[in-house]
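# Inside the fold
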Amino acid sequence: MPTFIGDVRPTPDARIALIASRWNPRIVDALVEGVLACLREHGVADDAVDVIRVPGAWEIPQAAERFADRGYAAILALGCVIRGDTRHYEHVADNCAQALMRVALDRRIIVLNGVLAVERHEDALARAGGAHGNKGEEVALAALEMIDLFESAGRTPAV
């Protein structure tokens, strides 16, 4: 019985799109830096990563859909939605996540969701390099593993 497991390593010629919102810049910029530092640490060249900035989390799936056919091995989505006094939070966070999954499945591309959906600003800070680490780094590691998994599965003959 074949078992497929990806490894955290760069794949030659793999390009990565990093789509990040400009909303909540202190948080999102820390996530972006987490991704870029992690990718560099694991041997991914800076010129293999395109950074695409959009206004907010709502626009991230739209950009992912638009850039999905440009030869990227993976799309990494970063943003931050903080609960406020209205239901806007649920609309943005839930629909962003659902749309990113739709892009991944419909376009057959790896899409990692690093859009934080938190109750308080402090919760976001904790996940953007604070007490809970950096979600950007986690997304980068998952991307490398998934790229390797898909590449290795493609090289292995079906049994």
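Structure: above.
Procedures and definitions
Residues numbered from 1 in each chain as written. Predicted model: local features only at pLDDT ≥ 70, side-chain atom pairs only at ≥ 80, totals over all residues. Heavy atoms only, no water. Helix = DSSP H or I, 4+ residues; strand = E, 2+ residues; numbered from the N terminus. Buried < 20%, exposed > 50% of the residue type's maximum accessible area, 1.4 Å probe, protein only. Contact = heavy atoms within 4.5 Å. Salt bridge = Lys/Arg side-chain N within 4 Å of Asp/Glu carboxyl O. Pairing = 2+ DSSP bridges. Axes fitted to C-alpha atoms, helices over the stretch in contact; angles between N-to-C directions.

## Notes on the side chain of Asn-134
The residue Asn-134 is located in strand β6 (residues 133-134) in this model. You can call Asn-134 buried: its relative accessible area is 12%. Setting aside chain neighbours within four positions, we find Asn-134 in contact with Ala-30, Leu-31, Gly-34, Arg-127, Ala-128 and Gly-129.

## Here we look at the pattern of salt bridges
Taken as a whole and assessed by the stated rule, the structure comprises 13 salt bridges. Among the salt bridges present, the one from Glu-90 reaches Arg-83, with a minimum N-O distance of 2.5 Å. For Arg-83, a relative accessible area of 32% gives the class partly exposed. For Arg-120, the salt bridge is made with Asp-123, and the minimal N-O distance between the two is 3.0 Å. With a relative accessible area of 47%, Arg-120 lands in the partly exposed category. A relative accessible area of 17% means that Asp-123 is categorised as buried.

## Remarks on the sheet that holds strand β3 (residues 74-82)
Pairing is parallel in the open sheet, where 4 strands are placed in the order β2-β1-β3-β4. Lying at the two open borders of the sheet, with one neighbouring strand each, are β2 (49-54) and β4 (110-118). Sheet twist, expressed as the average angle between the axes of neighbouring strands with direction ignored, equals 15 degrees. Pairing analysis gives 5 bridges linking strand β1 (residues 16-21) to β3, with the strands arranged parallel. Counterpart to Ile-16 in the pairing with β3 is Ala-74. The sheet contacts of helix α1 (residues 25-41) involve β1, β2, β3 and β4, and relative to β3 the element is tilted by about 155 degrees. The strands that helix α3 (residues 88-107) touches are β3 and β4; relative to β4, the one it contacts most, it runs at about 170 degrees.

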